[in-house]
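Spelled out from the first residue to the last, the chains are:
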Amino acid sequence: MFDWTRSCSYDEQQKRRFHTTARSRLKKLAAELGLPTGSYDLRSNKAGIAVSGEITLHHDRAYIQVGQFGMSSGHGILIRTCKGRKDYSGGANHFVALTMLDNIPALAAAVRAITGVGHFSGHSADRHAA
């Protein structure tokens, strides 16, 4: 299990692991949401030495960004709607815990609830009820 709360500030190895692991988890999120290859961008900005930087999955209708910007609250994943991959401000900001990167199905459910993007996996009746 990755320690999402260990600071990346002034720790290049931790920052490298943070970015590598977050990118990997966001790729898994895209797959869980059923996003076709090419329908989203996956970017990584390491920023300066004193911060974590951010890793962003930018779809035509969803913007998901991971960083250590909400550590005091435990939040570090920003989810919002957007209108295309050139929209960097998008809809209202919603934040969830960084630890949701350890539970991709739960993170996908949050993304679907906030943005409406992605398909539902599984076949439970409650997911398909009107």
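Residues numbered from 1 in each chain as written. Predicted model: local features only at pLDDT ≥ 70, side-chain atom pairs only at ≥ 80, totals over all residues. Heavy atoms only, no water.

What follows is about the overall build of the protein. Per the secondary structure count, the protein includes 3 helices and 5 strands. Listing the helices and strands of the protein from first to last along the sequence gives α-β-β-β-β-β-α-α. Here the protein has a C-alpha radius of gyration of 15 Å; the compact-globule value for 130 residues is 14 Å, and the two agree. Referenced to the eigenvectors of the C-alpha coordinate spread, the extents of the protein come out at roughly 50 × 30 × 25 Å. A buried classification covers 42% of the 130 residues belonging to the protein. Put simply, 48% of the contacts in the protein that link residues at least 6 apart link residues at least 24 apart. Counting only carbon and sulfur atoms, one obtains 54% of the accessible surface of the protein, whose full area is about 6,900 Å². (Helix = DSSP H or I, 4+ residues; strand = E, 2+ residues; numbered from the N terminus. Rg over C-alpha atoms; globule rule 2.2 N^0.38 Å. Buried < 20%, exposed > 50% of the residue type's maximum accessible area, 1.4 Å probe, protein only. Contact = heavy atoms within 4.5 Å. Areas by Shrake-Rupley, 256 points an atom, 1.4 Å probe, with all protein chains shown as cover.)

As for its placement among the helices and strands, Ser52 is situated in the loop between strand E1 (40-45) and strand E2 (54-59). Ser52 gets classed as buried once you look at its relative accessible area, which sits at 7%. Within the structure, the side chain of Ser52 is placed 2.9 Å from the backbone nitrogen of Gln68, a separation counted as a polar contact. Residue contacts for Ser52: discarding those within four places in its chain leaves Cys8, Lys15, Phe18, His19, Lys46, Gly67 and Gln68. (Polar contact = N/O pair within 3.5 Å; in protein donor to acceptor, adjacent residues only side chain to side chain.)

Turning our eyes to something else, we now look at unusual backbone geometry. You will see that Tyr10, though not glycine, has its phi angle at about 60°, which is positive. Residue position: Tyr10 is located in the segment before helix H1 (12-33). Residue classification places Tyr10 among the exposed positions, given a relative accessible area of 62%. Positive phi outside glycine occurs at Ala47, with the angle close to 55°. The partly exposed category is assigned to Ala47, whose relative accessible area is 45%.

Attention now moves to the side chain of Thr115. Its place among the elements puts Thr115 in helix H2 (residues 104-115). At 2.7 Å, the side chain of Thr115 and the backbone oxygen of Val111 are in polar contact. Only 3.1 Å separates the side chain of Thr115 from the backbone nitrogen of Val117, close enough to count as a polar contact. Once residues lying within four places of it in the same chain are set aside, the contact partners of Thr115 are Arg61, Ala62, Ile79, Arg80 and Thr81.

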